[in-house]
Amino acid sequence: MMTFQAQLNGQDVSVKIEKEGLTVNGRCLNYADIKTMAPNNHRVVITLFSDDTLTFGMLGYNFDSFWQELLKAFEQRCLDALFIEEAVVMACEGEYHLPKESGRGPIRLYPDALCILPPSAGSVRLAFSEVSDLTADGYNLTITMTSGKTYSVGKMGYDSMPFFERAASLWKKTLTARQKALAPYIPEAPFTHVGLFRTGHPEHHWAAAITDGKCALELYTGQDAATYLYCFEEPQAVFRRNLTEALEAMSTHREIIYMPDEELAENPLYRMAVRRSEAVCFLRSKFNGRLIHSANHAARLQEFLNA
């Protein structure tokens with residue numbers, strides 16, 4: 001990784017752009033702590049979740065190199081936090097409109113998802129399994145999720161139409177592949193619902209027993225040791241949608257759904273992942289403990305669901 005000489009809030013510093021963050025005079029600033037980044041009058045302004053603001057200036061002729069290297073490293077770390085496992089199908093630069101921000105930046109198409117990567121904590125992976133509609137209108141593509149949220153991308157130049165056509169094709173292929181992969185998994189009492197984590201790994205699936213206000217979740221990922229318990233007040237349909245979206249988002253990184261906040265604070269990659277998925281935040285907020293597999297597991301599970 002490259003090292004740059006700059007000023008940070010008026011003080012001379014050496015800045016090294018690395019995989020997990022910036023090293024400034026030997027001290028690490030993890031990408032997980034960054035809320036936004038933006039160039040401003042040959043300076044790079046970074047706001048943190050702590051509400052501190054860092055301004056890197058006096059980069060001289062290295063300003064463009066610094067900004068581009070920082071964007072590239074931050075983008076890759078965001079992809080790591082979104083648990084991207086597949087090879088990119090198409091990579092473009094275009095305009096994006098997210099629920100909380102808009103701009104122009106990298107837009108990536110994968111076999112099972114579309115990723116929008118702003119220079120902020122707003123990066124998002126839109127899983128095709130959670131998309132209810134794709135609508136192309138001129139130079140823009142509107143993506144409507146099963147949650148009702150909408151996102152749009154567009155103005156990619158000559159890449160616009162090829163991107164839109166590939167996205168529509170991959171969306172349909174994903175829904176078909178997922179339906180086929182789920183067919184062998186029939187929920188057995190007390191479980192009422194089944195699902196996949198990622199479409200590309202049909203061998204990894206989950207089963208959930210959902211009642212009014214209670215959910216017991218079993219994860220079949222080859223490391224099955226416990227049933228995860230949840231209590232909620234929302235309608236079943238709302239909980240079920242968030243559950244499905246959260247499990248797709250976290251892939252098989254099961255620790256995310258039960259890791260205490262203190263431990264999460266010590267795991268920067270997982271912190272980034274949680275901040276990039278409202279559904280994962282929702283599921284974590286409903287967590288009510290684990291039920292270890294033991295001789296009386298079935299009886300204790302039924303007791304929880306019926307309480």
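Below is a short write-up of the structure. (Residues numbered from 1 in each chain as written. Predicted model: local features only at pLDDT ≥ 70, side-chain atom pairs only at ≥ 80, totals over all residues. Heavy atoms only, no water.)

Topic: the overall build of the protein
From N to C terminus, the protein includes 8 helices and 19 strands. Over its C-alpha trace the protein gives a radius of gyration of 21 Å, about what one expects of a compact globule, namely 19 Å for 307 residues. Dimensions of the protein along its principal axes, counting C-alpha atoms only, are 70 × 45 × 30 Å. Counting all 307 residues of the protein, 47% fall into the buried class. For the protein, the exposed area adds up to about 14900 Å²; of that, 51% sits on carbon and sulfur atoms. (Helix = DSSP H or I, 4+ residues; strand = E, 2+ residues; numbered from the N terminus. Rg over C-alpha atoms; globule rule 2.2 N^0.38 Å. Buried < 20%, exposed > 50% of the residue type's maximum accessible area, 1.4 Å probe, protein only. Areas by Shrake-Rupley, 256 points an atom, 1.4 Å probe, with all protein chains shown as cover.)

Details of the pattern of salt bridges
What the rule picks out here adds up to 13 salt bridges. Glu 248 is the salt-bridge partner of Arg 198, the closest N and O atoms lying 3.7 Å from each other. One end of the pair, Arg 198, is in the loop between β15 (193-196) and β16 (205-211); the other, Glu 248, is in helix α3 (residues 236-250), with 50 residues separating them in the sequence. With relative accessibility at 1%, the residue Glu 248 sits in the buried group. Close ionic contact of Glu 234 with Lys 286 constitutes a salt bridge, the shortest N to O distance being 3.0 Å. Placement of Glu 234 in the loop between β18 (226-231) and α3 and of Lys 286 in the loop between α7 (278-285) and β19 (287-292) is noted, with a sequence separation of 52 residues between them. In this structure Glu 234 comes out as partly exposed when scored by relative accessible area, which is 25%. (Salt bridge = Lys/Arg side-chain N within 4 Å of Asp/Glu carboxyl O.)

Quick look at unusual backbone geometry
In this chain, Ala 189 is followed by Pro 190 through a cis amide linkage whose omega measures 10°. Within the secondary structure layout, Pro 190 lies in the loop between α2 (160-182) and β15. The backbone phi angle of Asn 9 is positive, close to 50°, even though this residue is not glycine. Structurally, Asn 9 is set in the loop between β1 (3-8) and β2 (11-17). Since its relative accessible area comes to 45%, Asn 9 is described here as partly exposed. Look at Lys 155: it is not a glycine, yet its phi comes out positive at around 50°. Take Lys 155: it is sitting in the loop between β14 (150-154) and α2. Since its relative accessible area comes to 42%, Lys 155 is described here as partly exposed.

Observations regarding the state of the cysteines
Evaluation of the coordinates by the stated rule reveals 0 disulfides. Cysteine Cys 215 shares no disulfide, and the gap to the nearest cysteine sulfur, in Cys 231, comes to 9.7 Å. Under the relative-accessibility criterion, Cys 231 is labelled partly exposed at 28%. (Disulfide = S-S within 2.5 Å.)

Examining the packing of aromatic side chains
One pass over the structure, following the stated rule, counts 9 aromatic pairs. Among the aromatic residues, those joined into a ring-pair cluster are Tyr 230, Phe 232, Phe 239, Phe 282 and Phe 287. Stacked on the ring of Phe 304, the Lys or Arg Lys 214 has its end atom at 4.7 Å from the ring centre. Here the guanidinium or amino end of Arg 275 rests over the ring plane of Phe 49, the centre of that ring lying 3.7 Å away. (Phe/Tyr/Trp six-rings, centres within 6.5 Å; stacked < 30°, edge-to-face > 60°. Lys NZ or Arg CZ within 6 Å of the ring centre and 35° of its normal.)

Overview of the sheet that holds β19
Overall, antiparallel pairing links the 5 strands, which are arranged β15-β16-β17-β18-β19 in an open sheet. Strands with a single pairing partner mark the edges of an open sheet, and in this sheet they are β15 and β19. Each strand axis lies, on average, 25° off the axis of its neighbour in the sheet, ignoring direction. Of the strand pairs in this sheet, strand β17 (residues 214-220) and β18 are connected by 5 bridges, and their pairing is antiparallel. Residue pairing in the sheet places Cys 215 in a bridge with Tyr 230 of β18. (Pairing = 2+ DSSP bridges. Axes fitted to C-alpha atoms, helices over the stretch in contact; angles between N-to-C directions.)

Here's the deal with the sheet that holds strand β6 (residues 44-48)
In spatial order, the strands read β4-β3-β2-β1-β7-β6-β5; together these 7 strands make up an open sheet with antiparallel pairing. Edge positions in the sheet fall to β4 (27-30) and β5 (34-39), since each of these pairs with one other strand and no more. When strand polarity is set aside, the average angle formed by the axes of neighbouring strands in this sheet is 30°. Judged from the 2 bridges that link them, β1 and strand β7 (residues 53-57) form a sheet pairing that is antiparallel.

Observations concerning the packing of α3 against α7
Relative to each other, α3 and α7 sit at 115°, their axes nearing to 8 Å. If you check the angle between α3 and α7, you find them roughly perpendicular. At the point where α3 passes α7, the crossing takes the left-handed sense. Two secondary-structure elements touch here, α3 through Phe 239, Asn 242, Leu 243, Glu 245, Ala 246, Leu 247 and Ala 249 and α7 through Ala 279, Val 280, Phe 282 and Leu 283. Counted by class, the contact of α3 with α7 contains 9 nonpolar, 1 polar and 1 charged residues. (Parallel < 35°, antiparallel > 145°, perpendicular 65-115°, else oblique. Left-handed = near helix turned anticlockwise from the far one by under 90°. Contact = heavy atoms within 4.5 Å. Nonpolar A, V, L, I, M, F, W, Y, C, P; charged D, E, K, R; others polar.)

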